[in-house]
Amino acid sequence: MTTCPKVERYGGLRTNSALSAFEVPVDGKAHRPLEHSSRVFVAGRNGLVGSAVWRELVREGFTDVIGPGSAELDLRDRRAVFDWFAAARPDVVVLAAARVGGIKANATRPAEFLSDNLRIQVNVLDAALEQRVERLLFLGSSCIYPKFAEQPIREEALLTGPLEPTNDAYAIAKIAGILQVQAVRRQYGLPWISAMPTNLYGPADNFHPEHSHVLPSLIRRFHEAKESGARRVVNWGSGSPRREFLHVDDLARACLHLLEHYDGGGPVNVGTGTDLTIRELAELVREVVGYRGSVEWDSSQLDGTPRKLLDVSRLTELGWAPRIELREGLTQTYAWYVENLGSDALRN
Ligand code: GFB
């Protein structure tokens with residue numbers, strides 16, 4: 001007896017064809033485990049995500065983890081990327097390289113966020129295809145979903161409504177990456193996959209006062225205010241938007257889990273399933289840092305999307321769960337920040 005492939009609807013679009021460009025088969029089967037001797041290329045090895053994935057691979061006993069830093073290989077340089085892949089011939093690729101930044105960086109430099117991310121992705125994915133890389137994980141972001149998506153956001157919400165304007169350029173680049181992974185699956189049958197993490201934090205983050213995401217920004221602002229004895233700190237926006245925060249070590253475990261247990265074309269959300277307001281986050285950071293002054297809000301600054309809580313049931317059904325609770329992760333990240341003040345690890 002033949003059975004129809006289970007079909008996953010992509011982005012809520014409906015067509016008459018059984019397998020249109022926006023629908024991909026999900027076989028639902030666990031993939032075979034990765035060989036610990038496989039050569040794994042972590043693209044973006046020095047970034048927040050890449051360095052966590054690297055640590056997790058080493059912790060799990062992988063013996064051939066490779067990845068040049070951006071000074072050695074500019075992933076926007078197509079020729080250099082193709083040459084590097086031809087020489088290195090990785091078995092597995094984790095594509096964690098991207099131009100990233102917080103709300104202000106995204107809103108003020110959309111041209112770079114679009115162009116750099118498209119070029120990095122297309123180069124790495126095309127070169128990986130040329131080498132017929134067996135397994136590949138592409139990392140996107142929760143900002144791919146519509147600004148007013150129903151909460152918690154399921155993967156099926158993709159392409160069902162307008163994007164949040166502060167990061168639409170970055171989101172469009174990431175959506176293109178998801179589709180490229182799906183196109184390779186359809187055309188070449190390679191078991192490549194995509195994961196969509198929520199807002200991330202942890203060691204090796206960017207703590208730049210203007211360009212970083214909210215959590216490292218707040219750590220730095222409260223720490224500097226405590227050190228200087230400032231009476232008040234001023235945070236951005238109204239404080240009312242809600243965000244979900246995942247420690248990057250939990251994301252790294254999810255990446256390995258997906259590579260070993262998931263083989264479908266649809267992206268998989270990675271998050272904790274709980275969120276809080278930015279005001280609540282600021283209070284938590286204030287407590288962890290030990291700042292005693294007052295906290296004010298500058299409503300002339302952008303709030304961004306009101307809420308983006310991910311539905312993580314697709315991933316939890318595969319047997320993964322986050323382990324690091326927010327206060328614990330924040331305490332550990334603040335300790336990392338203090339230890340690394342003045343070092344190269346704090347690039348900004
Ligand atoms: O983390 P964040 O920059 O990015 O800002 P998004 C989250 C919220 O925190 C916004 C507020 O409502 C900010 O107004 N906020 C308050 C601050 N104080 C600060 C501060 O000092 N710095 C920053 N950065 N925010 C990003 C996207 O959106 O999320 C990216 O721009 C990416 O594309 C990333 O997807 C995960 O959560 O709004």
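Here we summarise the structure given alongside this text. (Residues numbered from 1 in each chain as written. Predicted model: local features only at pLDDT ≥ 70, side-chain atom pairs only at ≥ 80, totals over all residues. Heavy atoms only, no water.)

### Considerations on the packing of helix H6 (residues 214-228) against helix H10 (residues 326-339)
At step 1: Between H6 and H10, whose axes approach to 11 Å, the crossing angle comes to 60 degrees. Regarding the angle of H6 to H10, the classification is oblique. Once H6 is placed against H10, the crossing between them reads as right-handed. Taking contact as the criterion, the partners of Leu-215, Ile-219, Arg-220, His-223, Glu-224 and Lys-226 in H6 are, on H10, Leu-326, Leu-330, Thr-333, Tyr-334, Tyr-337 and Val-338.
At step 2: Of the residues that constitute the contact of H6 with H10, the class distribution is 7 nonpolar, 2 polar and 3 charged. (Axes fitted to C-alpha atoms, helices over the stretch in contact; angles between N-to-C directions. Helix = DSSP H or I, 4+ residues; strand = E, 2+ residues; numbered from the N terminus. Parallel < 35°, antiparallel > 145°, perpendicular 65-115°, else oblique. Left-handed = near helix turned anticlockwise from the far one by under 90°. Contact = heavy atoms within 4.5 Å. Nonpolar A, V, L, I, M, F, W, Y, C, P; charged D, E, K, R; others polar.)

### Some thoughts on empty space enclosed by the protein
Rolled over the atoms, a probe as big as a water molecule pinpoints where empty space is left.
At step 1: This model, assessed by the stated rule, comprises 2 cavities of 30 Å³ or more.
At step 2: What lines the largest cavity is Ser-142, Cys-143, Tyr-145, Pro-146, Lys-147, Ile-153, Glu-164, Asn-167, Thr-305, Arg-307 and Lys-308.
At step 3: Looking at the lining of the largest cavity, its residues break down into 4 nonpolar, 3 polar and 4 charged. (1 Å grid on protein atoms, 1.4 Å probe; cavity = no way out; pocket = protein on both sides within 12 Å on 5 of 7 lines; lining within 4 Å. Points joined across faces, edges and corners; volume = space filled by probe spheres on them.)

### Re the nonpolar core
At step 1: Within the largest apolar cluster, 37 residues are counted, with the highest numbers of intra-cluster contacts made by Leu-75, Phe-85, Leu-95, Leu-136, Tyr-145 and Trp-192.
At step 2: Mapped onto this core, the elements with two or more residues apiece are strand S3 (39-43), helix H2 (78-88), strand S5 (92-95), helix H4 (110-130), strand S6 (135-139) and helix H5 (168-188).
At step 3: If you tally residues by element for this core, the top one is H4, at 6 residues.
At step 4: In contact with Leu-136, other than residues within four places in its own chain, are Val-93, Leu-125, Ala-128, Val-181, Trp-192, Ile-193 and Leu-259.
At step 5: Ala-52, Trp-54, Val-94 and Trp-320 belong to the second-largest nonpolar core, a separate cluster that totals 33 residues. (Core = buried A, V, L, I, M, F, W, Y, C linked by side-chain atoms within 4.5 Å. Buried < 20%, exposed > 50% of the residue type's maximum accessible area, 1.4 Å probe, protein only.)

### Things to note about unusual backbone geometry
At step 1: Residue Pro-152 follows Gln-151 across a cis peptide bond; omega there is -10 degrees.
At step 2: Tracing the backbone shows Pro-152 in the loop between S6 and H5.

### Observations regarding the packing of aromatic side chains
At step 1: With the rule as written, the count across this model stands at 7 aromatic pairs.
At step 2: Judged by centre distance (6.1 Å) and plane angle (80 degrees), the rings of Phe-113 and Tyr-170 are edge-to-face. Note that Phe-113 is positioned in helix H4 and Tyr-170 in helix H5, a separation of 57 residues in sequence.
At step 3: For Tyr-170, a relative accessible area of 11% translates into the label buried.
At step 4: Ring plane angle 20 degrees and centroid distance 6.1 Å describe the contact between Phe-207 and Trp-336, whose orientation is recorded as stacked. On the criterion of sequence distance, the pair formed by Phe-207 in the loop between strand S8 (199-201) and H6 and Trp-336 in helix H10 is long-range, its members being 129 residues apart.
At step 5: The buried category is assigned to Trp-336, whose relative accessible area is 17%.
At step 6: An aromatic cluster of at least three residues, connected via ring pairs, comprises Phe-41, Trp-84 and Phe-85.
At step 7: We note Arg-45 situated over the ring of Trp-54; from NZ or CZ to the ring centre the distance is 3.9 Å.
At step 8: One Lys or Arg, Lys-104, reaches over the ring of Trp-236 and ends 4.2 Å from the middle of that ring. (Phe/Tyr/Trp six-rings, centres within 6.5 Å; stacked < 30°, edge-to-face > 60°. Lys NZ or Arg CZ within 6 Å of the ring centre and 35° of its normal.)

### Some remarks on the site of the ligand
At step 1: Near the ligand, the surroundings consist of 22 residues, among which Ile-103, Arg-221, Arg-243, Leu-302 and Asp-303 are the closest.
At step 2: Calculation on the ligand without its partners gives an accessible area of 700 Å², and the protein chains cover 97% of this total.
At step 3: When contributions to the shell around the ligand are tallied by element, the ones reaching two or more residues are helix H3 (103-108), H6 and strand S9 (232-236).
At step 4: Here the shell around the ligand is composed, by residue class, of 8 nonpolar, 10 polar and 4 charged. (Near = heavy atom within 4 Å. Areas by Shrake-Rupley, 256 points an atom, 1.4 Å probe, with all protein chains shown as cover.)

### Topic: the side chain of Ser-38
At step 1: Of note, Ser-38 is situated in the loop between strand S2 (23-25) and S3.
At step 2: When residues no more than four places from it in sequence are discounted, the contact partners of Ser-38 are Asp-64, Asp-91 and Val-92.

### Details of the sheet that holds strand S12 (residues 268-270)
At step 1: Strand order in the open sheet formed by 6 strands is S4-S3-S5-S6-S7-S12, with parallel pairing between adjacent strands. With one partner strand each, in any of the chains shown, strand S4 (64-66) and S12 form the two edges of the open sheet. Averaged over all pairs of adjacent strands, the angle between strand axes in this sheet comes to 20 degrees, irrespective of strand direction.
At step 2: Two strands pair when backbone bridges link them, and S6 and strand S7 (residues 193-197) are joined in this way by 3 bridges, in the parallel orientation. (Pairing = 2+ DSSP bridges.)

### Re the pattern of salt bridges
At step 1: The full count for this structure, using the stated rule, is 24 salt bridges.
At step 2: Notably, a salt bridge pairs Asp-74 with Arg-76, separated by 3.1 Å at the nearest N-O pair.
At step 3: A relative accessible area of 34% places Arg-76 in the partly exposed class.
At step 4: Between Arg-78 and Asp-126 there is a salt bridge whose closest N-O contact spans 2.8 Å. Here Arg-78, found in helix H2, pairs with Asp-126, found in helix H4; they are 48 residues apart in sequence, far enough to count as distant.
At step 5: Judged by relative accessible area, Arg-78 falls into the partly exposed class, the value being 37%. (Salt bridge = Lys/Arg side-chain N within 4 Å of Asp/Glu carboxyl O.)

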